[in-house]
Amino acid sequence: MIILKTPEEIEIMAEGGRILGGILLELEHMAQVGISTKELDDVAYEMIMSAHAKPAFLNYRPTGAKRGYPATLCASLNDGIVHGLPSKRLLRSGDILKLDLGLRYKGFYSDAAITVGIGRISNELKNLIATTKTALDSSIKEIKIGKTFGDIGFAIMQTAKKNGFSIAEGLTGHGIGKGLHEDPYVLNFGEHGKGEVLEEGMVFAIEPMFIAGNGAIRELLDGSYAAKDGSYAAHFEHTVAVTKKGARILTQRPNLL
Ligand code: MG
């Protein structure tokens, strides 16, 4: 069941989302050659706590998982797609790093992700990152009352196809609110006009995950997911609300003046 949010609840989610956007921006600046993802994780934790929010992923335990997630940040490197554990491994030139972060603020969750190229990366990787970002932007442009989740998925799928990238199979976005993962699944593929119709008050996380090789994925022992063929992957995510005026991005990053 999709839980609709009131305009007041969406305002709270936007407040939390702005905090999240600001933290991700700071982490992006810090993600340079020679720093570890563990250091980024520590900063993410401190920044969330000092904003009077709570980390969403720390101790999060999806149904069926044996133990809770042990960190604040998901930091997935190179062929890693999602749920990568922060570690002491230092970032190197040529890495691509996916930073996925969620927080809970005044009872509501927000969730967002970015991909950052470290040092000098190849043009192909630059294109993979830019294309995944474009897919997120173009799917958000589809959002309008009366359109469908199929329209969102179609926009993502077309962007991948046109650029020769694959969609990571089996990984999706999700509804979000008082729960980190609510209905529905937000698929990264779809058909125009198919699927649930978008209604005012729906809030969900859209998260295209593209792989430079084929779309098959594997789950590692630590619970993270990586591209099966070892190709590099990119991921972008925003928490978005459906409003009368169309999409409202709740995890907007602060304007750089
Ligand atoms: Mg998410």
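Please refer to the structure placed before this passage.
Throughout what follows, the structure given in this document is the object of discussion.

### Focus on the packing of helix 3 (residues 123-141) against helix 4 (residues 149-162)
Then, in step 1: Where helix 3 contacts helix 4, the axes come no closer than 8 Å and their chain directions differ by 155°. Considered as vectors, helix 3 and helix 4 are oriented roughly antiparallel to each other. Between helix 3 and helix 4 lies a crossing of right-handed hand. Of helix 4, the residues touching helix 3 (which contributes Thr-131, Thr-134, Ala-135, Ser-138 and Ser-139) are Ile-152, Ala-155, Ile-156 and Thr-159.
Then, in step 2: Residues belonging to the contact of helix 3 with helix 4 are distributed by class as follows: four nonpolar, five polar and no charged.

### Regarding the nonpolar core
Then, in step 1: Counting 49 residues, the largest nonpolar core has Leu-27, Leu-97, Leu-99, Leu-101, Ile-152, Phe-204 and Ile-206 as the members making the most contacts within it.
Then, in step 2: Beyond its immediate chain neighbours, meaning those up to four positions away, Ile-152 contacts Ser-139, Ile-143, Val-186, Leu-198, Phe-204 and Ile-206.
Then, in step 3: Membership of the second largest hydrophobic core comes to 15 residues, among which are Ala-14, Ala-56, Ala-241 and Leu-250.

### Some words on the environment of Gly-16
Then, in step 1: Considering the arrangement of structural elements, one finds Gly-16 in helix 1 (residues 7-30).
Then, in step 2: Take Gly-16: its relative accessible area is 2%, and that puts it in the buried class.
Then, in step 3: Sequence-distant contacts of Gly-16, that is, excluding residues within four places in its chain, are made with Leu-103, Tyr-105 and Ser-110.

### As for the packing of helix 1 against helix 2 (residues 37-50)
Then, in step 1: Contact pair helix 1 / helix 2: the axes reach a minimum separation of 10 Å and the direction vectors enclose 155°. Relative to helix 2, the element helix 1 lies roughly antiparallel. When you trace helix 1 past helix 2, the crossing you get is right-handed. Here Ile-23, Glu-26, Leu-27 and Met-30 of helix 1 come into contact with helix 2, specifically with Leu-40, Val-43, Ala-44, Met-47 and Ile-48.
Then, in step 2: Along the lines of polarity and charge, the residues of the contact of helix 1 with helix 2 split into eight nonpolar, no polar and one charged.

What counts and how
- Residues numbered from 1 in each chain as written.
- Predicted model: local features only at pLDDT ≥ 70, side-chain atom pairs only at ≥ 80, totals over all residues.
- Heavy atoms only, no water.
- Axes fitted to C-alpha atoms, helices over the stretch in contact; angles between N-to-C directions.
- Helix = DSSP H or I, 4+ residues; strand = E, 2+ residues; numbered from the N terminus.
- Parallel < 35°, antiparallel > 145°, perpendicular 65-115°, else oblique.
- Left-handed = near helix turned anticlockwise from the far one by under 90°.
- Contact = heavy atoms within 4.5 Å.
- Nonpolar A, V, L, I, M, F, W, Y, C, P; charged D, E, K, R; others polar.
- Core = buried A, V, L, I, M, F, W, Y, C linked by side-chain atoms within 4.5 Å.
- Buried < 20%, exposed > 50% of the residue type's maximum accessible area, 1.4 Å probe, protein only.

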